[in-house]
Amino acid sequence: LEEQQLRGLLSGKKVVVTAGPTREFIDPVRFISNPSSGKMGFAMAEAARTMGGEVTVIHGPVHIPKPGGVDTIEIVSTDELFEQVKAHADADVIIMAAAVADFTPESPAEQKIKKNDDASSLKLSRTPDILSWLGHHKREGQTLIGFAMETENMVEYAQKKRESKKADWIAANSIADHNSGFGTDTNTVTLLGENVRQDFSGTKKDVARQLLDRIFNTG
Ligand code: CTP
Ligand code: CA
């Protein structure tokens, strides 16, 4: 896609993108997380910026350069991400590309757990579902985009997520696909909308542009 064609599609629109992993601490030196690199979220932010959006990226701990021309807010835990998302929930477009931890320790230890301590069990509770909260508090005219990572039954599970979370769009990727998933520079995603099922493949930057073009040009 030519930059020229993309420019302006989101001009004047406030766009919030979440990216990277969240961390849930078990004790001061250990946490539950996932291998999200932040690449897909940052690519979505860059693409939204190219299209003229005023972009804020809320992201967890990542090791890649921040996208240019956008505001960035760093968070660590899912609760912190949720607070920041709620503070920016008036945006025209919200893209939940963050790989949010699903579980958090019920009572994190204040001191480091020592190896001779009893560690035979760890009680976990669910984190808040941020995309679902957004979907159930959606304001008129807002576009809500989520991602889904599946290891089986990708389209069925992702479409169910789109419906139950009340998102407008879900970009699903299968970790079974060798060029997709955590940390890769390329991705293959299936964009699911109300009556849309369309595949996109390429570098994460290309896929980000294609997704936004499909959603805001033709969608
Ligand atoms: N998500 C979220 N809050 C959570 C978990 C997920 O906002 N606590 C968002 C993700 O950012 C993504 C979408 O929901 O946009 C789908 O995430 P995914 O992990 O694929 O789905 P889950 O609903 O967490 O279900 P599961 O992991 O059990 O498949
Ligand atoms: Ca999950």
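Residues numbered from 1 in each chain as written. Chains lettered and ligands numbered in written order. Predicted model: local features only at pLDDT ≥ 70, side-chain atom pairs only at ≥ 80, totals over all residues.

## Points about the site of ligand 1
Working step 1: Around ligand 1, the structure places 14 residues, and the nearest of them are Met96, Val100, Ile130, Leu131 and Gly146.
Working step 2: Sorting the residues of the shell around ligand 1 by element identifies helix 4 (130–136) and strand 9 (143–150) as the ones contributing at least two each.
Working step 3: With four residues, the single largest contributor to the shell around ligand 1 is strand 9.
Working step 4: Classifying every residue of the shell around ligand 1 by side-chain character gives nine nonpolar, two polar and three charged. (Near = placed C-beta within 6 Å. Helix = DSSP H or I, 4+ residues; strand = E, 2+ residues; numbered from the N terminus. Nonpolar A, V, L, I, M, F, W, Y, C, P; charged D, E, K, R; others polar.)

## Details of the pairing of strand 2 (residues 24–27)
Working step 1: Pairing geometry for strand 2 and strand 3 (residues 30–32), over three bridges, is antiparallel. Across the sheet, residue Asp27 finds its bridge partner in strand 3, namely Arg30.
Working step 2: Linking strand 2 back to strand 3 in an antiparallel pair, the connection comprises two residues. (Pairing = 2+ DSSP bridges.)

## What to know about the pairing of strand 6 (residues 93–96)
Working step 1: A two-sided burial pattern is seen for strand 6, the buried positions comprising Val93 and Ile95 on one face and Ile94 and Met96 on the other.
Working step 2: Pairing between strand 1 (residues 14–19) and strand 6: four bridges, direction parallel. Paired with Val16 across the bridge in strand 6 is Ile94.
Working step 3: Where strand 6 meets strand 9, four bridges bridge the pair, whose relative direction is parallel. (Buried ≥ 20, exposed ≤ 12 C-beta atoms within 10 Å, placed from the backbone.)

## A look at the sheet that holds strand 1
Working step 1: The strand order across the open sheet built from eight strands is 5-4-1-6-9-10-11-12, with neighbouring strands paired in mixed fashion. Lying at the two open borders of the sheet, with one neighbouring strand each, are strand 5 (71–74) and strand 12 (197–203). This sheet shows a mean twist of 20° between the axes of neighbouring strands, independent of strand direction.
Working step 2: The strands that helix 2 (residues 39–50) touches are strand 1, strand 4 (54–59), strand 6 and strand 11 (186–192); relative to strand 1, the one it contacts most, it runs at about 165°.
Working step 3: Across the sheet, helix 5 (residues 154–165) lies against strand 9, strand 10 (169–174), strand 11 and strand 12, angled at about 145° from strand 9, the strand it touches most. (Axes fitted to C-alpha atoms, helices over the stretch in contact; angles between N-to-C directions. Contact = placed C-beta atoms within 7 Å.)

## A few points about helix 5
Working step 1: Here helix 5 contains 12 residues, and its C-alpha end-to-end distance of 16 Å stays within 8% of the 16 Å for a straight helix at 1.5 Å per residue.
Working step 2: When helix 5 is considered as a whole, its buried residues turn out to be Met154, Ala158, Lys161, Arg162 and Lys165. Across the axial projection of helix 5, the buried residues extend over an arc of 100°, all falling on one side. Structural note: helix 5 exposes Glu156 and Ser164 on the side pointing more than 90 degrees away from its buried face.
Working step 3: Next to the buried residues of helix 5 lie helix 4, strand 9, strand 10 and strand 11.
Working step 4: At the exit of helix 5 stands Lys166, carrying a positive phi of roughly 55°. (Expected span 1.5 Å × (residues − 1). Arc of directions from axis to C-beta.)

## Section: helix 2
Working step 1: In this model, helix 2 (12 residues) spans 16 Å end to end at C-alpha, consistent with the 16 Å of a helix rising 1.5 Å per residue.
Working step 2: The buried count for helix 2 comes to 11 of 12 residues, which makes it a mostly enclosed element.
Working step 3: For helix 2, the set of buried residues is Lys39, Met40, Gly41, Phe42, Ala43, Met44, Ala45, Glu46, Ala47, Ala48 and Thr50.
Working step 4: With its phi angle positive at about 95°, Gly52 sits one or two positions after the end of helix 2.

## Looking at the environment of His88
Working step 1: The residue His88 is located in the loop between helix 3 (78–87) and strand 6 in this model.
Working step 2: Accessibility expressed as a C-beta count within 10 Å gives 17 for His88, which makes it partly exposed.
Working step 3: When the C-alpha positions of His88 and Thr56 are compared, they lie 8.7 Å apart, and in sequence the two are 32 residues distant.
Working step 4: Here His88 is in contact with Val16 and Thr56, once residues within four sequence places are set aside.

## Quick word on the nonpolar core
Working step 1: Core analysis: the biggest nonpolar cluster contains 52 residues, and Val17, Met44, Ala48, Met96, Ala97, Ile170 and Ala171 have the highest contact counts within it.
Working step 2: With seven residues, the single largest contributor to this core is helix 2.
Working step 3: Aside from chain neighbours lying at most four places away, what touches Met96 is Thr18, Ile130, Leu131, Ile145, Gly146 and Phe147. (Core = buried A, V, L, I, M, F, W, Y, C linked by C-beta atoms within 7 Å.)

## Details of the UniProt feature "binding site: CTP" (unreviewed entry) in the chain
Working step 1: With numbering matched to this structure, UniProt assigns "binding site: CTP" (unreviewed entry) to Asp102, Lys112, Pro128, Asp129, Ile130, Leu131, Phe147, Lys161 and Lys165. Considering the C-alpha atoms alone, the annotated residues occupy 64 residues of sequence and remain spread out, their largest mutual distance being 36.9 Å.
Working step 2: Residue placement: Lys112 occurs in the loop between strand 7 (103–105) and strand 8 (124–126).
Working step 3: A tally of 12 C-beta atoms within 10 Å means that Lys112 is categorised as exposed.
Working step 4: Structurally, the position occupied by Asp129 is in the loop between strand 8 and helix 4. (UniProt positions renumbered as here; feature names shortened; annotations may be inferred.)

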